[in-house]
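Here's the letter readout for the chains.
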Amino acid sequence: MTISPLAGKPAPKEVLVDLARLEREYYECRPDVDDPEQRVAFGTSGHRGSPFHGSFTEAHILAITQAICDYRRVQGTDGPLYMGKDTHAVSGPAQRTALEVLAANEVQTVIQRDNGFTPTPVISRAILVYNRSRAEHLADGIVITPSHNPPEDGGFKYNPTNGGPADTEVTRWVENRANELLRTGNAGVKRMGFTTAFNSDTTHQNDFVLPYINDLRNVVDMEAIRAAGPKLAVDPLGGAAVHYWEPINTVYKLDIAVVNPKVDPTFSFMTVDHDGEIRMDCSSPYAMARLVGLKDHYQVAFANDTDADRHGIVTPSAGLMNPNHYLSVAILYLLAHRPDWPAQAAIGKTVVSSSMIDRVVRKLGRRLSEVPVGFKWFVPGFFDGTCCFGGEESAGASFLRRDGSVWTTDKDGPIMDLLAAEITARTGKDPGEHYRALTAEFGTAYYTRIDAPATPEQKSMLEKLSPEAVKESNLAGEQITAKLTSAPGNNAPIGGLKVVARSGWFAARPSGTEAVYKIYAESFKDQAHLDAIVSEAHEMVNNALGASTPLHERSGASR
């Protein structure tokens, strides 16, 4: 892939977003409902867009919030709605807009007091805690965040009463209703002025911070960390978890150095990502350059993206760990150190995550559940305890409480950070050293992800491919053992194709937000074998689609 000359360097002033213009566009831009790019569209986790592109505006938030209110009415959901926001520039305006609609619809809404920020997992946990032992008047939630995306972006997610990301049936209902409202100029939206809404009897300002922090001891062994006293550091990347780490230090008597306490909607403190964009991507070595530069100063250092549902782990032995590597280590450790977890509970992974996880789970005699891309597929298992860990190759994961009950049904970056500290404290080795031992036992995994341009028609074809569309019987010199269009763990469509051989595999699926399809590939032989898999994968997909498009490597092979 082409690396920008700015990659890994401090963001220059000329790439910083114009905050005044951004907010002006949020309020003044009127989306063109005849343009698919400007309609409400829920991807794997909510609606995302930018005021600059007419895809995230006040009109969108009015429509989506009213649609959520309508959905709640249909479902009979009449408990409190917990609403959080991250530190992106348009998250604050979007929360104010949403509050105007929620109050007008008489929804009991709970927000962080003092205009504070709230991570995604904190909202998930709050929903679950409130709903525990309740059969009616259940809570749900909204999180306003575009995740790690650039500063000019906005995002809006709905978490229903199970606390996790809304499934496809729910998002389709909300999306259709919101677009129906947009087409009428939002004539069906109930709304009141912000001051009236904020002071309404239905708006409540609570503290989300301490309840979450005080409960962490029930999911991570905080006492083991305190007793061992490893030297730790965190960079919140200017995100919603920024004001959580000092209270964690205070409550648990830890000494986690907060190396970057800044909140700045331009994210001017970031180092630039691979393509010259500012992204708070805690799995990118370019975005994480400053923390990686401190790797020899701390036994473990970690970071989260802006809504703190993803993790980035930095160790002296490995630098920034590839997410697949850390997931494998976390699973190995947790299954050996959580004796109260139900023995029959599955380990969840997405179809594009490393097969190193398969090897670890098989070694421990546990059950693997392989699901499509998207954390929503782990929600039912977490909710009823049949899944004890779920992880994605994009650095999102969560796991059960120490007693085997549900913690969150959404990704939780802070507990994955603190788990790295627990692993180091209890074993005397950092997660990078543990992964090195796994490669000695199972071999080195060579992994990559590739982007290839694709038209909407090609993306639609790829999403609906059948296994029979792939005529080939061999992959990179080995017999193909599986051609999958449904995930083995739950038989749900993967929205693409996965082809498996003995020593490697590839998966191809269309992007939900970009004009590309993605090829994920892994080899347990060597780099040359991985290159052969990628080349043949591209050819197989092109043959199936009748396409011919050049590849653009998005992220290099990980070893």
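Residues numbered from 1 in each chain as written. Predicted model: local features only at pLDDT ≥ 70, side-chain atom pairs only at ≥ 80, totals over all residues. Heavy atoms only, no water.

Q: For this particular structure, what's the right way to read the sheet that holds strand 14 (residues 368-371)?
A: With mixed pairing, the four strands of this open sheet are ordered in space as 14-13-15-16. At either end of the open sheet lies a strand with only one pairing partner, and these are strand 14 and strand 16 (396-399). The average undirected angle you get between the axes of adjacent strands in this sheet is 15°. Across four bridges, the pairing between strand 13 (residues 346-350) and strand 14 is parallel. (Pairing = 2+ DSSP bridges. Helix = DSSP H or I, 4+ residues; strand = E, 2+ residues; numbered from the N terminus. Axes fitted to C-alpha atoms, helices over the stretch in contact; angles between N-to-C directions.)

Q: Help me understand the pairing of strand 6 (residues 154-159), please; the structure alone is not making it clear to me.
A: In the case of a regular strand, side chains alternate between the two sheet surfaces. With six of six residues buried, strand 6 is to be regarded as a mostly interior element. Of the two faces of strand 6, the one carrying Gly154, Phe156 and Tyr158 and the one carrying Gly155, Lys157 and Asn159 are both buried. Bridging between strand 2 (residues 46-49) and strand 6 involves three bridges; their strand directions are antiparallel. Within the sheet, the bridge partner assigned to arginine 48 lies in strand 6 and is glycine 155. In terms of strand pairing, strand 5 (residues 140-144) meets strand 6 through three bridges, oriented antiparallel. Bridge pairing in strand 6 places isoleucine 142 opposite tyrosine 158. (Buried < 20%, exposed > 50% of the residue type's maximum accessible area, 1.4 Å probe, protein only.)

Q: In this structure, what is going on with the sheet that holds strand 11 (residues 311-315)? I would like to understand it.
A: Two strands in a sheet stick together by hydrogen bonds in their backbones, pointing the same way (parallel) or opposite ways (antiparallel). Reading across the sheet, the five strands line up as 9-8-10-11-12 and stay open at both edges, with mixed pairing between neighbours. The open sheet has two edge strands, strand 9 (256-258) and strand 12 (319-320), and neither has a second partner. Two strands pair when backbone bridges link them, and strand 8 (residues 232-235) and strand 10 (residues 300-304) are joined in this way by four bridges, in the parallel orientation. By the bridge assignment, alanine 233 is partnered in strand 10 with alanine 301. Strand contacts of helix 9 (residues 245-252): strand 8, strand 9 and strand 10, with the helix running at about 160° to strand 9, the strand carrying the most contacts. (Contact = heavy atoms within 4.5 Å.)

Q: Any chance you could explain helix 16 (residues 456-463) here in plain terms?
A: Since the α-helix packs 3.6 residues into each turn, any two residues three or four apart lie on the same face. Taken as a whole, helix 16 has its buried residues at Gln458, Lys459 and Leu462. Along the axis of helix 16, the buried positions cluster into a sector of 100°, meaning they face one direction only. Away from the buried face of helix 16 by more than 90 degrees, exposed residues Pro456 and Glu457 are located. Those residues of helix 16 that are buried lie in contact with strand 17 (446-453), strand 20 (493-501), strand 21 (504-510), strand 22 (516-523) and helix 17 (527-545). (Arc of directions from axis to C-beta.)

Q: For this particular structure, what's the right way to read the pattern of salt bridges?
A: Pairing between side chains becomes possible if they bear opposite charge and their charged atoms approach one another. One pass over the structure, following the stated rule, counts 27 salt bridges. Between glutamate 58 and arginine 191 there is a salt bridge whose closest N-O contact spans 2.6 Å. A residue pair is termed long-range when its members are at least 10 positions apart, and glutamate 58 in helix 2 (residues 58-75) and arginine 191 in the loop between helix 5 (168-183) and helix 6 (194-198) qualify at 133 residues. Residue class for glutamate 58 comes out buried when judged on its relative accessible area of 11%. A salt bridge links arginine 401 to aspartate 215, with the shortest nitrogen-to-oxygen separation between them at 2.7 Å. Taken together, the residues arginine 401 in the loop between strand 16 and helix 14 (413-427) and aspartate 215 in helix 7 (residues 209-215) connect sequence positions 186 residues apart. Like aspartate 215, arginine 401 is buried. Shared partners join several salt bridges into a network, and the residues in it are Lys157, Asp307, Asp309, Glu392 and Lys411. (Salt bridge = Lys/Arg side-chain N within 4 Å of Asp/Glu carboxyl O.)

Q: Teacher, can you tell me more about the nonpolar core here?
A: In summary, soluble globular proteins display a tendency toward joint burial of nonpolar side chains. Judged by nonpolar contacts, the single largest core of 70 residues is most densely connected at Leu216, Ile248, Ile256, Phe389 and Phe399. When residues in this core are grouped by element, the largest group, eight residues, is from helix 11 (residues 323-337). (Core = buried A, V, L, I, M, F, W, Y, C linked by side-chain atoms within 4.5 Å.)

Q: I keep staring at the environment of serine 355 and nothing clicks. Help me out?
A: Here serine 355 is to be found in the loop between strand 13 and helix 12 (356-363). A residue is classified by how much of its surface remains accessible, and serine 355, at 11% relative accessible area, is buried. Counting along the chain gives 49 residues from serine 355 to threonine 306, while the straight-line C-alpha distance between them is 29 Å. In this view, serine 355 contacts Lys349, Trp505, Glu522 and Phe524; residues no more than four positions away in its chain are not counted.

Q: What is the right way to read the packing of aromatic side chains from this model?
A: By the definition in use, this model includes 17 aromatic pairs. The interplanar angle of 65° and the centroid separation of 6.3 Å between the aromatic rings of tyrosine 82 and tyrosine 130 together place this pair among those described as edge-to-face. With a gap of 48 residues between them, tyrosine 82 in strand 3 (residues 81-85) and tyrosine 130 in helix 4 (residues 120-131) connect regions that are remote in the sequence. We classify tyrosine 82 as buried; its relative accessible area is 10%. (Phe/Tyr/Trp six-rings, centres within 6.5 Å; stacked < 30°, edge-to-face > 60°.)

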